[in-house]
Amino acid sequence: MELSSEQLLQVINTVPIFQGLSDREKNTLLAIVRTQEYLPTEELCREGDRGFSLFIICQGTVSIYKEINEDVRELLGESGVGSMIGQVSLIDGKPRSATVTAKTRVMTLECTRDDFERLFNAGSPFAFKILDQISIHLVARIRNANKQLYSLYSRPTETLMKLHALCMNIQRSISDTYDSIEISDLTKDDE
Amino acid sequence: MGQRDYSKLYSAVPIFKALAREEVDEIVSISKMFKARSGHVLLEEGKSGHGAYIIVQGEASIHIRLYQGDDTHIATLGKGDVVGEMSLIDDAPVSATVTTTTQCIVLHIQKDKFDELRSAFRPAAYKLLRAMSPMLCERLRAINERIGSVFKEPERHMKLMEKRYQHLSSHAGAVDAPTE
């Protein structure tokens, strides 16, 4: 789906982080960012990948996962319209720290690291506002992660239950693998 | 201060390297340099923050409180390290206690004045934020890794949690800390 610039403007007007930008700033923004659509279950980015763009969610909801091992991923949370994905990689240029997939049909605006760099060095208020948002968001995530770490150690019963469930899951996936090996071995023997 | 020695300043405060001289002047004008004895509390968990502190000389240590009086050492800080920068960004209470462990020289960037520069869209303020943001990313990655390790090595952590359980059950009425 290709959106006209008026439609795009309408979309970004509903996204909180663009509020307070002047029309000129919005047009600068739309001239540099790319729109992209994702279908449910499609990946925006994968943990460990080296992609440094910032995604701003304009429509839909995404799921954020931490890869535990090949078969198990833990859902960290969901994000909706107005949230940003990939701020950390945009700032530090390190690989993605989580996998993000579309939960519903999703539309994003994508701003590359180079675009951001150029705007920032030119003293663009848009880049400053994005940095403001990124900083606020990062700090909120640090405070939240601190809380999670605190509760993992301060609520051991709950943590034990989670770990127990995880061990059961891993055991299950190991025995699944074992079963499938046996089956394929049997088929080989038949040949 | 007469003529400012920028090369000295740039090497004492590495984060200033992202700023031009006039921008350094702007940040220095909203900062205070002071000496602290060993054991001085720069930041106290739960209190409101008053800005960022840069260790120009000496060492300090970061601790966070766990439920029932346990403290966990998080990191040791040295020359050029920055703490309290999160208070330049939001108004939430300080998230860890920072105490000097030697005599220190500290540069304090004052929050209220930094906020003024930021709302005036001064490049100096944003360049400083930009220079500090990789440290925030680093911190976030480190905490997430620590959380991730609990789930990546479930068996080792089940033993650890059993110990925590025993510790808490001998010290508290209820074992788990209440949810907020």
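The coordinates are above.
Parameters at a glance
Residues numbered from 1 in each chain as written. Chains lettered and ligands numbered in written order. Predicted model: local features only at pLDDT ≥ 70, side-chain atom pairs only at ≥ 80, totals over all residues. Heavy atoms only, no water. Helix = DSSP H or I, 4+ residues; strand = E, 2+ residues; numbered from the N terminus. Contact = heavy atoms within 4.5 Å. Areas by Shrake-Rupley, 256 points an atom, 1.4 Å probe, with all protein chains shown as cover. Buried < 20%, exposed > 50% of the residue type's maximum accessible area, 1.4 Å probe, protein only. Arc of directions from axis to C-beta. Pairing = 2+ DSSP bridges. Axes fitted to C-alpha atoms, helices over the stretch in contact; angles between N-to-C directions. Parallel < 35°, antiparallel > 145°, perpendicular 65-115°, else oblique. Left-handed = near helix turned anticlockwise from the far one by under 90°. Nonpolar A, V, L, I, M, F, W, Y, C, P; charged D, E, K, R; others polar. Buried area = accessible area lost by both parts, 1.4 Å probe. Salt bridge = Lys/Arg side-chain N within 4 Å of Asp/Glu carboxyl O. Phe/Tyr/Trp six-rings, centres within 6.5 Å; stacked < 30°, edge-to-face > 60°. Lys NZ or Arg CZ within 6 Å of the ring centre and 35° of its normal. Core = buried A, V, L, I, M, F, W, Y, C linked by side-chain atoms within 4.5 Å.

Colleague: Which residues make up the overall build of chain A, and what values go with them?
Modeller: Regarding its fold elements, chain A presents 6 helices and 8 strands. For chain A, the N- to C-terminal ordering of α and β elements is α-α-β-β-β-β-β-β-α-β-β-α-α-α. Sequence separation of 24 or more characterises 71% of the internal contacts of chain A that already satisfy a separation of 6 or more. Put simply, chain A shows about 10,000 Å² of open surface, and 51% of that area lies on carbon and sulfur atoms.

Colleague: Before we move on, could you go through helix H4 (residues 113-121) of chain A and cite the residues and values that matter?
Modeller: Where H4(A) is concerned, the buried positions are A:Asp115, A:Phe116, A:Leu119 and A:Phe120. Burial along H4(A) is one-sided: seen end-on, the buried residues are contained in an arc of 125°. In H4(A), the exposed residues that point more than 90 degrees away from the buried face are A:Asp114, A:Arg118 and A:Asn121. Contact partners of the buried residues in H4(A): helix H2 (23-32), helix H3 (87-92), strand E8 (106-111) and helix H5 (125-154) of chain A together with helix H4 (123-152) of chain B.

Colleague: Kindly report on the pairing of strand E3 (residues 51-57) of chain B, identifying the contributing residues and their values.
Modeller: Residue and element names in this part refer to chain B. Extensive coverage of E3 is indicated by the burial of 6 of its 7 residues. Both E3 and strand E8 (residues 104-110) contribute to a ladder of 6 bridges, which runs antiparallel. Paired with glycine 51 across the bridge in E8 is glutamine 110. Summarising the sheet, E3 and strand E6 (residues 82-83) pair through 2 bridges and their orientation is antiparallel. Across the sheet, the residue bridging to isoleucine 54 is valine 82, located in E6.

Colleague: If you had to explain the sheet that holds strand E6 (residues 84-85) of chain A to someone new, which residues and values would you point to?
Modeller: All names here are of chain A. On the basis of which strands lie adjacent, the open sheet formed by 4 strands has the order E1-E8-E3-E6 and antiparallel pairing. The outermost strands of the open sheet, each flanked by one partner alone, are strand E1 (34-38) and E6. Examined bridge by bridge, strand E3 (residues 54-59) and E6 share 2 bridges and lie antiparallel to one another. Residue pairing for E6: phenylalanine 55 is matched across the bridge by isoleucine 85. Of the strands in this sheet, E1, E3 and E8 are in contact with helix H1 (residues 5-13), which crosses E8 at around 95°.

Colleague: Describe the packing of H1(A) against H2(A), listing the residues and the values that go with them.
Modeller: All names here are of chain A. Remark: H1 packs on H2, axes separated minimally by 11 Å, with the N-to-C direction vectors making an angle of 115°. If you check the angle between H1 and H2, you find them roughly perpendicular. Note on packing geometry: the crossing formed by H1 with H2 is right-handed. Of the residues in H2, those touching H1 at Ser5, Leu8, Leu9, Ile12 and Asn13 are Lys26, Asn27, Leu29 and Leu30. Partitioning the contact of H1 with H2 into residue classes produces 5 nonpolar, 3 polar and 1 charged.

Colleague: So what about the interface of chain B and chain A? Which residues, and what values?
Modeller: Counting residues at the interface gives 47 residues for chain B and 46 residues for chain A. Summed over both sides, the interface between chain B and chain A buries roughly 4,600 Å², with carbon and sulfur atoms accounting for 69% of that surface. Of all residues in chain B, the largest losses of buried area upon contact with chain A belong to B:Arg130, B:Arg141 and B:Phe151, amounting jointly to 17% of the total for that side. The tally of links from chain B across to chain A stands at 4 salt bridges.

Colleague: Please provide a residue-by-residue account of unusual backbone geometry, values included.
Modeller: Phi at A:Thr41 is positive, roughly 75°, even though this residue is not glycine. Topologically, A:Thr41 is positioned in the loop between E1 and strand E2 (43-45). Overall, the relative accessible area of 67% leaves A:Thr41 in the exposed class. Phi is positive for B:Phe121, which is not a glycine, with a value near 55°. Residue position: B:Phe121 is located in the loop between helix H3 (111-119) and H4. For B:Phe121, a relative accessible area of 32% puts it in the partly exposed group.

Colleague: Would you mind going over the packing of aromatic side chains in detail, with residue names and values included?
Modeller: Counted according to the given criterion, the structure contains 5 aromatic pairs over all chains. Here B:Phe121 and B:Tyr126 contribute two aromatic rings whose centre-to-centre distance is 5.9 Å and whose plane-to-plane angle is 20°, an arrangement assigned as stacked. Through a chain of ring-to-ring contacts, the aromatic side chains of A:Phe116, A:Phe120, A:Phe128, B:Phe121 and B:Tyr126 assemble into a single cluster. Across the ring face of A:Tyr65, the terminal group of A:Arg73 is positioned such that the distance to the ring centre comes to 4.8 Å. The cationic tip of A:Arg113 hangs over the ring face of A:Phe52; the distance from NZ or CZ to the ring centre is 5.9 Å.

Colleague: Kindly report on the nonpolar core, identifying the contributing residues and their values.
Modeller: Within the largest apolar cluster, 82 residues are counted, with the highest numbers of intra-cluster contacts made by A:Phe18, A:Ile56 and B:Phe16. Setting aside anything within four residues of it in sequence, one finds A:Ile56 in contact with A:Val15, A:Ile17, A:Phe18, A:Ser83, A:Met84, A:Met107, A:Thr108, A:Leu109 and A:Ile130. In this structure, B:Leu42, B:Leu43, B:Ile62 and B:Val98 belong to the second largest nonpolar core, which totals 14 residues.

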